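# Summary of structural features
So you can see what is in the structure, the chains are spelled out below.
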Amino acid sequence: MRSLHSSRRVLLLAVAALICALLVGMAAWPHFAAAQEIDPVQAAWQKARAAGAYHFDSDVIQVTVPMPTVTNVGRSSRTQTLHLSGQTDLRQRTLEMQLWADGGSVVQSESGLAVKMERGRSLVRRQGPTGWEEWQEVEGGLDGFAPHGDFLAYLSAVRNIQPHAPETRALPGRTITFTRYSFDIDGAAFADFMRDQMEQTLRARGELPPGVQLQASEYYRAMRGDGELWVREDGLPLRQIMNLTFPEQQNEF
């Protein structure tokens with residue numbers, strides 16, 4: 001639970017090996033013919049969304065640093081490592097995964113935390129002595145990892161894209177060729193994207209009156225960072241790496 005709540009106080013969110021093949025349900029993406037006219041990072045994101053669903057494995061490092069204030073004298077930074085594994089269905093707007101923190105092991109599923117998102121709600125549960133406990137709702141629990149259930153959502157705010165030379169690497173039984181694209185993350189653009197997505201969700205539920213608009217989050221607007229997207233020869237994402245710095249909250253950043 002603490003690892004989910006602390007996502008809003010993250011200094012560094014490094015998400016690696018985010019999208020690992022197994023993309024299914026390849027369907028036509030509206031207006032995807034225009035993908036050639038946009039940058040390759042956006043094109044890869046659109047193609048992944050056209051697939052409708054994907055499996056993922058992710059490693060996360062969270063570093064929380066106390067502000068240099070009198071009340072924080074003697075406090076040191078905290079580092080937490082997480083591993084996430086699961087799948088997301090963008091059409092149904094659902095996500096299910098397990099999360100292992102620090103000493104947890106993927107071999108022992110009971111050492112992890114089950115997490116899911118459905119109908120815009122984030123839910124978590126642990127496995128107790130007699131089995132899985134009841135689902136409990138967490139406010140904004142997945143926003144730092146998978147905004148609106150999509151681990152690729154940060155690509156909505158990429159800027160200054162730099163392509164690198166194609167690379168080929170050997171994997172068990174096969175080789176794979178991909179191109180790395182490095183970029184910066186625009187916090188203001190991401191804040192606007194999150195606002196627009198939330199407005200769509202609330203309007204679909206009938207919870208946002210006509211003509212009413214939400215304000216973009218100042219928290220996300222102050223976010224900054226950079227990253228990489230590895231794109232396969234077929235145009236699908238292979239790996240995503242994000243380094244994100246979030247602003248101070250509750251006397252920590």
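Before any of the text, the structure's been laid out above.
My aim in this report is to walk through the structure given alongside it, one point at a time. (Residues numbered from 1 in each chain as written. Predicted model: local features only at pLDDT ≥ 70, side-chain atom pairs only at ≥ 80, totals over all residues. Heavy atoms only, no water.)

Looking only at helices and strands, the protein chain features 4 helices and 12 strands. Relative to its 253 residues, the protein chain shows a buried fraction of 45%. The contacts of the protein chain with a sequence gap of at least 6 include a subset with a gap of at least 24, amounting to 63%. By element, 51% of the accessible surface of the protein chain is carried by carbon and sulfur atoms, the whole surface being about 13,100 Å². (Helix = DSSP H or I, 4+ residues; strand = E, 2+ residues; numbered from the N terminus. Buried < 20%, exposed > 50% of the residue type's maximum accessible area, 1.4 Å probe, protein only. Contact = heavy atoms within 4.5 Å. Areas by Shrake-Rupley, 256 points an atom, 1.4 Å probe, with all protein chains shown as cover.)

Attention now goes to the packing of aromatic side chains. Taken as a whole, this structure holds 9 aromatic pairs when the rule is applied. Every member of this aromatic cluster is reached through a ring pair, and the members are Trp45, Tyr154, Phe190, Phe193, Tyr219, Tyr220 and Phe246. Between Arg239 and the ring centre of Trp230, over which it is positioned, the NZ or CZ distance is 4.8 Å. (Phe/Tyr/Trp six-rings, centres within 6.5 Å; stacked < 30°, edge-to-face > 60°. Lys NZ or Arg CZ within 6 Å of the ring centre and 35° of its normal.)

Taking 1.5 Å as the rise per residue, helix 3 (residues 187-205) with 19 residues should run 27 Å; its terminal C-alpha atoms sit 27 Å apart, in good agreement. Of the positions making up helix 3, those classed as buried are Gly187, Ala189, Phe190, Ala191, Phe193, Met194, Gln197, Glu199, Thr201 and Leu202. Where helix 3 is buried, its residues meet helix 2 (40-51), strand 8 (158-163), strand 10 (174-186) and helix 4 (218-221). One side-chain oxygen at the N-terminal end of helix 3 lies 3.0 Å from the backbone nitrogen of Ala188; it belongs to Asp186. Two residues or fewer past helix 3, Gly206 is found with a positive phi of approximately 75°. (Expected span 1.5 Å × (residues − 1). Polar contact = N/O pair within 3.5 Å; in protein donor to acceptor, adjacent residues only side chain to side chain.)

Per the counting criterion, the structure on display carries 13 salt bridges. For the salt bridge of Glu199 with Arg203, the shortest nitrogen-to-oxygen distance reads 3.6 Å. One end of the pair is Glu199 and the other is Arg203, both in helix 3 and 4 residues apart, which spans about a single turn. Using a relative accessible area of 9% as the deciding quantity, one classes Glu199 as buried. One salt bridge connects Arg221 with Glu218, and the closest N-O pair in it is separated by 3.8 Å. Pair noted here: Arg221 and Glu218 are both in helix 4, with a separation of 3 residues, about one helical turn. (Salt bridge = Lys/Arg side-chain N within 4 Å of Asp/Glu carboxyl O.)

Relative to the elements of secondary structure, Gln92 occurs in the loop between strand 2 (78-89) and strand 3 (94-101). For Gln92 and Arg119, which are 27 residues apart along the polypeptide, the C-alpha to C-alpha distance reads 8.5 Å.

Attention now goes to the pairing of strand 10. Note that strand 8 and strand 10 share 4 bridges and pair antiparallel. Directly across from Arg159, in strand 10, lies its bridge partner Asp184. Across 5 bridges, strand 9 (residues 167-171) lies against strand 10 in antiparallel orientation. Considered in strand 10, the bridge of Leu171 is made with Arg174. If you look at the hairpin formed by strand 9 and strand 10, you'll find 2 residues sitting between the two strands, and Gly173 has a positive phi there, around 85°. Where strand 10 lies against strand 11 (residues 224-232), 9 bridges are found, and the strand directions are antiparallel. (Pairing = 2+ DSSP bridges.)

For a regular strand, side chains alternate in direction, first toward one face of the sheet and then toward the other. Sheet topology note: the strand 4 (residues 113-118)/strand 5 (residues 121-128) ladder contains 6 bridges and is antiparallel. Paired with Leu113 across the two strands is Arg126, which belongs to strand 5. Taken together, strand 4 and the strand that follows it, strand 5, pair antiparallel across an intervening segment of 2 residues, in which Arg119 is found at a positive phi of about 50°. Where strand 5 and strand 7 (residues 136-137) come together, 2 bridges link them in antiparallel fashion. Residue pairing across strands places Val124 opposite Gln136, the latter belonging to strand 7. Looking at chain direction, strand 5 and strand 6 (residues 131-132) are connected through 2 bridges and run antiparallel. Paired with Gln127 across the strands is Trp132, a residue of strand 6.

What follows is about the side chain of Glu167. Mapped onto the elements, Glu167 comes out in strand 9. Side chain to side chain, Glu167 and Arg180 meet in a polar contact 2.7 Å long. Once residues lying within four places of it in the same chain are set aside, the contact partners of Glu167 are Ile176, Thr177, Phe178 and Arg180.

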